[in-house]
Amino acid sequence: MSNTALYVLTVLIWGSTWLAIEFQLGVVQPEVSIVYRFLLASGLLLIWCKYRGLSLIFKAKYHLWFAFLGLLLFCLNYIMTYHAQVHITSALAAIVFSTMLWMNILLARLVFGIRATGKVVAGSVLGIAGIVVLFAPQVEALTLTDTTLFGCVLAFAGAASASAGNIVSQAAQKRMLPVVQTNTWSMFYGALITGVAALVQGHELNFDATFTYIASLAYLALFGSVVAFGAYLTLIGRVGAHRAGYAMVMFPVVALALSMAFEGLALSPAIAVGTSLVLLGNLLVLNRDA
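These numbers come from a predicted model, not from an experiment.

Cut-offs and rules
- Residues numbered from 1 in each chain as written.
- Predicted model: local features only at pLDDT ≥ 70, side-chain atom pairs only at ≥ 80, totals over all residues.
- Heavy atoms only, no water.
- Helix = DSSP H or I, 4+ residues; strand = E, 2+ residues; numbered from the N terminus.
- Rg over C-alpha atoms; globule rule 2.2 N^0.38 Å.
- Buried < 20%, exposed > 50% of the residue type's maximum accessible area, 1.4 Å probe, protein only.
- Contact = heavy atoms within 4.5 Å.
- Lys, Arg positive; Asp, Glu negative; His and termini not counted.
- Charge placed at Lys NZ, Arg CZ, Asp CG, Glu CD.
- pLDDT = per-residue confidence, 0-100.

Trainee: Any details on the overall build of the chain? Residues and values, ideally.
Mentor: Within the chain one finds twelve helices and zero strands. Its helices and strands in sequence order give the chain the pattern α-α-α-α-α-α-α-α-α-α-α-α, from N to C terminus. Relative to the 2.2 N^0.38 estimate, which gives 19 Å for 290 residues, the radius of gyration of the chain is 18 Å and therefore close to what a compact globule would have. Based on the C-alpha atoms only, the size of the chain along its principal axes is roughly 50 × 45 × 35 Å. Counting only residues that meet the buried cut, the chain has 50% of its 290 residues in that class. The contacts in the chain between residues at least 6 apart in sequence include a share of 91% that link residues at least 24 apart. The chain carries 13 positive and 8 negative side-chain charges, and their two centres are separated by 29 Å.

Trainee: Talk me through the confidence of the model for the chain; I want residue IDs and the actual numbers.
Mentor: When pLDDT is averaged along the chain, the result is 86; 93% of the residues meet or exceed 70. For the chain, the element scoring lowest by mean pLDDT is helix 4 (residues 90-97), at 71; helix 8 (residues 179-200) scores highest, at 96.

Printed below as a string of C-alpha cells:
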C-alpha cells in the first residue's frame, strides 16, 4: 500500500473514532473499556497472523520492546487522554494533543538525529495554528480553573506518551521487527498493563451489553486499532514519526466534517479558515521534498 493510502486510511479512521468513543463512556470505566478494546484487537491480529503463517515467536529482549511500546501507546496514552476529557472539552483536548506533532519532531531529532526541513516546520506551525483557529470559539468560553489545568496536563501527558511510543515503534522497525506481530504483542501487553491499573484502582470489570457499546467496541478494536495503528505505524517506519505525526492534526478536521454531515454543525468562518490552514500545512509536511 502506498504512503498516501496509509496516511488517508489513518486520518479517516481516527477522525471517525470520536463518535465510537462517546458510546464507550458511561457504564464501563475508561480503563476497563481500553482493556476490552486491545484484548479484542490483539486477538484479531493473532488470528490474522495464524491465517497468514506469520511467526509470533521472538526472543525475550524483543518482548521488552513490545511491552514498552504497549505501555506507552496502548496504555498510558489512552488512560490519560480518556481521563483528560472528563475535565476538559474535546476541543481543548484536540488542541493540546496536536502538540504531539512538535514532540515527534523533537524526539526524532534527539533519538535519530533527523532534522526537520523548513517545509515540515512551517507545515507544523500552520497545522497547529489551524487547530487553534478551528476550536477557538469553543475554548473562549472556558474559565481557567484547577480542573481545566489538570485536564490539560493529562492531555499533554497523553500526547507525550503517544509521541514516545511513535519513536519506539520507529526504532523497533529499524531493528527489522515486523509491524503486524509487534502490534499483536504490544496491544496484548498494553491491555494487560491497563488491566492491572484498573484493578489497582478498584474498578469493576463489568460490561455494557448494549448494542451501541458492543458495536462501538468492535469498531474501535478492528478499525481504530488493528487497521489504523497498522497503517500509521507502517507509515512511521517509512517516512518517520516527524512527518507521519501530522495525522494527529488532520483527524480533528475529519471529526468536524462528520459532525457537519451528521449532527448539523454549521460551517463558520473559524472552521473554514482553520481547515484551510491545516490542509496547507498538510501539503507542506507530506511533500516528497519536505
